[in-house]
Amino acid sequence: MQDIEEFENKVMIRRKNRVLLGTVYADIQQDQWAVAMAYNLSHHPGLYGHEHGLEVRYSYSPQTGAGVRMFRSDVDQERTLDVAGFKSPDAFIRYAVDQEKRLANE
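So, a few notes on the structure that sits alongside this text. Source: prediction; values computed, not measured.

Parameters and conventions
Residue numbering note: each chain is counted from 1, following its sequence as written. For a predicted model such as this one, the threshold for reporting local features is a pLDDT of at least 70, and the threshold for listing and counting side-chain atom pairs is 80 or more; totals across whole chains, interfaces and linings nevertheless cover every residue. The basis for every side-chain value is the complete set of heavy atoms in the structure, and neither hydrogens nor water enter the calculation. Under the DSSP-based scheme used, a helix requires at least four consecutive residues in state H or I and a strand at least two consecutive residues in state E, with every element numbered from the N terminus. In this scheme, a residue with accessible area under 20% of its type's maximum is buried, one over 50% is exposed, and one in between is partly exposed, where area comes from a 1.4 Å probe on protein chains only. Within this scheme, the nonpolar core is defined by two criteria: the residues are buried Ala, Val, Leu, Ile, Met, Phe, Trp, Tyr or Cys, and they are joined through side-chain atoms within 4.5 Å. At least two bridges found by DSSP between two strands is the condition for calling them paired. Between N-to-C directions, angles span 0 to 180 degrees; the directions come from axes that are lines fitted to C-alpha atoms, helices contributing only their stretch in contact. Contacts are residue-level and defined by heavy atoms, with any inter-residue pair within 4.5 Å sufficient.

With that settled, consider the overall build of the protein. A tally of regular secondary structure across the protein gives two helices and six strands. Mapped from its N terminus to its C terminus, the protein presents α and β elements in the order α-β-β-β-β-β-β-α. Residue burial in the protein is summarised as follows: out of 106 residues, 32% are buried.

This is the structure:
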């Protein structure tokens with residue numbers, strides 16, 4: 001939780017001349033682990049509701065251990081990241097948050 005809170009409070013990215021803040025969502029099931037980041041405008045969305053400026057999703061199957069799939073909406077592409085297995089869902093969440101922090105700082 002501490003890593004997620006730190007990410008949500010400190011990580012900002014610029015897309016199309018807008019500042020976007022990330023919100024982290026974790027979905028941990030027995031056969032599939034997923035972490036999603038939804039980047040939204042830094043102010044209230046207004047009348048029409050939320051429009052995600054960028055969505056990123058990391059998913060992992062603990063049964064197969066076959067890398068992490070990462071989808072980014074800005075390039076509309078999914079790719080597989082070569083990663084050794086994770087000992088727990090918390091380790092996977094930490095990996096996804098750290099990976100996204102690294103990408104945001106590039």
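It is worth spelling out the nonpolar core at this point. Looking at soluble globular proteins, one finds that nonpolar side chains tend to be buried together. Judged by nonpolar contacts, the single largest core of 23 residues is most densely connected at Met 37, Tyr 39, Tyr 58, Val 68 and Phe 92. Residue assignment for this core shows that the elements contributing at least two residues are helix H1 (2-10), strand E2 (18-28), strand E3 (33-41), strand E4 (54-60), strand E5 (68-72) and helix H2 (89-104). The greatest single-element share of this core, amounting to five residues, is contributed by H2.

Okay, the pairing of strand E6 (residues 77-81) next. Look at any regular strand and the pattern is simple: side chains alternate between the two faces of the sheet. Sheet topology places E5 next to E6; five bridges connect them, and they run antiparallel. Pairing of Phe 71 across the sheet is with Glu 78, part of E6. Following E5, the chain reverses through four residues before pairing antiparallel with E6; Asp 76 in that reversal takes a positive phi of roughly 50 degrees.

Looking now at the sheet that holds E2. Spatially, the six strands line up as an open sheet ordered E1-E2-E3-E4-E5-E6, and their pairing is antiparallel. Both outer strands of the open sheet, strand E1 (12-15) and E6, are each paired with one neighbouring strand and no more. Each strand of the sheet is rotated relative to its neighbour by a mean of 25 degrees, with strand direction disregarded. Across four bridges, E4 lies against E5 in antiparallel orientation. Opposite Tyr 58, over in E5, you have Met 70 as the bridge partner. Along the sheet face, H1 touches E1, E2 and E3 and points at about 160 degrees away from the line of E2. Contacts from H2 reach E1, E2, E3, E4, E5 and E6, with the element oriented near 35 degrees to E3.

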